[in-house]
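Here are the chains, one letter per residue:
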Amino acid sequence: MVDLSVQLGALVLRNPLLSASGTFGHGLEMEHFVSPESLGGWVSKTVTLEPRHGNPAPRICETEAGFLNSIGLENRGVDSYLEKIVPALKGVDAVIFTNVGGASPDDFVAAVERLEEADEVDAYELNLSCPNVQGGKLPYGTDPKMAEDVTRRVRDVTKKPVFSKLSPNVSRISDMAKAVEAGGADGITAVNTLLGMSVDWRNGTPGLATIQGGYSGVGMKPVALRCAWDCVRSVNIPVIGCGGISTLDDVLEFLVVGCSAVQIGTASFSNPSLLAEMAEELPARLAEAGFDSVRELIGSMHGLERPGGSSK
Ligand code: SIN
């Protein structure tokens, strides 16, 4: 029997498989494809203090490998989330991460303060990295000081675990990782989407109304893997890998470079049952390779050093 459980700071997950924010509704919408008990956890779509209508259409556009999105954090706001979504999460047997966004540190703090009344929310994931608001400027995703500040401001108002979700659209993600660790993050999600665009040369029409948007899908896996590894070797807090993961081999690659868990996003659109299938296959795949627990694999890549000196 292979032990699949992983530890993310104070959180224990039954396995390292999580849904990625924005690709799984708020979680329960996908219940008939993936039961909560088969997963390590669910991450909600981003919730903001006030409702947001999002960006103009078209805001999804397929590419050769994966797609571009420019949703613009459409959601009904934190009060609606508390009233309509959270009650249904009562008794759900999975660790629930609520992903929180905001245009200012005050917004993040106010949303988290409202969410504190919900025992169903186990942890927060701070969306510091959405490329589809503020004209793609990504202030919290690219400025270490701002990322540290917003993380610290949230850290100060909750005892629940706080994970900061970083952007790959930076030259040194290690600086961002160290900044959020200094701000008190319990962990990091690496990474959000890559800034990209598409255009039809025949009629000159961009694929997205906002022209640029976030690219996700299998094509970004090597970039995401490098980002995740760079975070792992720069900080002593757990890293959740995310970006282009579509097979169990991809999952195991992110674990071997030191991620404590992974999130599956875009691949769930073409196969909504993928997470459940992976959860079922994972023990046999690890056993075949001689592992008694998933933790033995985590961080076992040759040459991986963490700042604290441990290879895990
Ligand atoms: C969006 O809502 O625009 C996507 C969310 C994100 O990339 O963080």
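Residues numbered from 1 in each chain as written. Predicted model: local features only at pLDDT ≥ 70, side-chain atom pairs only at ≥ 80, totals over all residues. Heavy atoms only, no water.

**Structural notes on the site of the ligand**
Here comes step 1: In the vicinity of the ligand, the residues found are Lys45, Asn69, Ile71, Gly72, Leu73, Asn127, Cys130, Pro131, Asn132 and Asn192.
Here comes step 2: In this structure, an oxygen atom belonging to the ligand sits 2.7 Å away from a main-chain N or O atom of Gly72.
Here comes step 3: The fraction of the free accessible surface of the ligand (260 Å²) that becomes covered by protein chains is 91%.
Here comes step 4: Under a 2 Å grid-point criterion requiring more than half of the atoms, the pocket assigned to the ligand is the largest pocket.
Here comes step 5: Looking at the shell around the ligand, its residues break down into 4 nonpolar, 5 polar and 1 charged. (Near = heavy atom within 4 Å. Polar contact = N/O pair within 3.5 Å; in protein donor to acceptor, adjacent residues only side chain to side chain. Areas by Shrake-Rupley, 256 points an atom, 1.4 Å probe, with all protein chains shown as cover. 1 Å grid on protein atoms, 1.4 Å probe; cavity = no way out; pocket = protein on both sides within 12 Å on 5 of 7 lines; lining within 4 Å. Sits in = over half its atoms within 2 Å of the grid points. Nonpolar A, V, L, I, M, F, W, Y, C, P; charged D, E, K, R; others polar.)

**Comments concerning the layout of surface pockets**
Here comes step 1: Of the pockets and cavities examined, the largest pocket occupies roughly 840 Å³.
Here comes step 2: What lines the largest pocket is a set of 47 residues, among which Ser21, Gly22, Thr23, Lys45 and Ile71 lie closest to the centre.
Here comes step 3: Elements that contribute at least two residues to the lining of the largest pocket include exactly strand S6 (67–69), helix H1 (78–89), strand S14 (212–216) and strand S16 (261–264).
Here comes step 4: Element by element, the count of residues in the lining of the largest pocket is highest for H1, at 4 residues.
Here comes step 5: When grouped by side-chain class, the residues that make up the lining of the largest pocket number 17 nonpolar, 24 polar and 6 charged. (Points joined across faces, edges and corners; volume = space filled by probe spheres on them. Helix = DSSP H or I, 4+ residues; strand = E, 2+ residues; numbered from the N terminus.)

**Considerations on the pairing of S14**
Here comes step 1: Where burial is concerned, most of S14 is hidden: 4 out of the 5 residues are buried.
Here comes step 2: In the sheet, strand S11 (residues 194–197) pairs with S14 via 4 bridges, with the strands oriented antiparallel. Within the sheet, the bridge partner assigned to Gly196 lies in S14 and is Gly213. (Buried < 20%, exposed > 50% of the residue type's maximum accessible area, 1.4 Å probe, protein only. Pairing = 2+ DSSP bridges.)

**Description of the side chain of Ser293**
Here comes step 1: With respect to the secondary-structure elements, Ser293 resides in the loop between helix H9 (274–288) and helix H10 (294–297).
Here comes step 2: Using a relative accessible area of 10% as the deciding quantity, one classes Ser293 as buried.
Here comes step 3: Residues in contact with Ser293, not counting those within four places in the same chain, are Val2 and Asp3. (Contact = heavy atoms within 4.5 Å.)

**Quick look at helix H5 (residues 173–182)**
Here comes step 1: Those residues of H5 not exposed but buried are Ile173, Ser174, Met176, Ala177, Ala179 and Val180.
Here comes step 2: Buried positions along H5 lie against helix H3 (139–142), helix H4 (144–155), strand S9 (162–166), strand S10 (187–190) and helix H6 (221–232).

**Focus: the state of the cysteines**
Here comes step 1: Following the criterion strictly, the structure yields 0 disulfides and no others.
Here comes step 2: Just so you know, Cys130 is unpaired, no disulfide at all, and the nearest cysteine sulfur is the one on Cys242, 13 Å from it.
Here comes step 3: Lacking any disulfide linkage, Cys259 is separated from the closest cysteine sulfur, that of Cys231, by 8.3 Å. (Disulfide = S-S within 2.5 Å.)

**Re the packing of H1 against helix H2 (residues 105–115)**
Here comes step 1: Two numbers describe how H1 lies on H2: the axes approach to 9 Å, and their chain directions differ by 20 degrees. The orientation of H1 with respect to H2, classified from their angle, is roughly parallel. The crossing of H1 and H2 is right-handed. Listed contacts from H2 to Val78, Asp79, Tyr81 and Leu82 of H1 are Ala111, Arg114 and Leu115.
Here comes step 2: Broken down by class, the residue content of the contact of H1 with H2 amounts to 5 nonpolar, no polar and 2 charged. (Axes fitted to C-alpha atoms, helices over the stretch in contact; angles between N-to-C directions. Parallel < 35°, antiparallel > 145°, perpendicular 65-115°, else oblique. Left-handed = near helix turned anticlockwise from the far one by under 90°.)

**Details of empty space enclosed by the protein**
Empty pockets left among the atoms are what a rolling probe the size of a water molecule brings to light.
Here comes step 1: One pass over the full model with this rule turns up 1 cavity of 30 Å³ or more.
Here comes step 2: Computed from the structure, the largest cavity encloses a volume of approximately 90 Å³.
Here comes step 3: Taken together, 13 residues make up the lining of the largest cavity; nearest its centre are Gly102, Asn127, Cys130, Val133 and Gln134.
Here comes step 4: For the lining of the largest cavity, the class distribution of residues is 8 nonpolar, 5 polar and no charged.

**A closer look at H2**
Here comes step 1: Residues of H2 that are buried include every one of Pro105, Phe108, Val109, Ala111, Val112 and Leu115, and no others. Burial along H2 is one-sided: seen end-on, the buried residues are contained in an arc of 165 degrees.
Here comes step 2: On its buried face, H2 is in contact with H1, strand S7 (95–100), strand S8 (123–127), H3 and H4. (Arc of directions from axis to C-beta.)

**Digging into the pattern of salt bridges**
Here comes step 1: One pass over the full model with this rule turns up 17 salt bridges.
Here comes step 2: Here Arg59 makes a salt bridge to Glu74, at a shortest N to O gap of 2.1 Å. On the criterion of sequence distance, the pair formed by Arg59 in the loop between strand S4 (41–43) and strand S5 (60–62) and Glu74 in the loop between S6 and H1 is long-range, its members being 15 residues apart.
Here comes step 3: With its nearest N and O atoms 2.9 Å apart, the salt bridge here joins Asp250 to Lys221. Here Asp250, found in helix H7 (residues 248–256), pairs with Lys221, found in helix H6; they are 29 residues apart in sequence, far enough to count as distant. Take Asp250 and Lys221: they sit in the same class, and that class is buried.
Here comes step 4: Several salt bridges converge on common partners, so that one network encompasses Asp79, Arg114 and Glu117. (Salt bridge = Lys/Arg side-chain N within 4 Å of Asp/Glu carboxyl O.)

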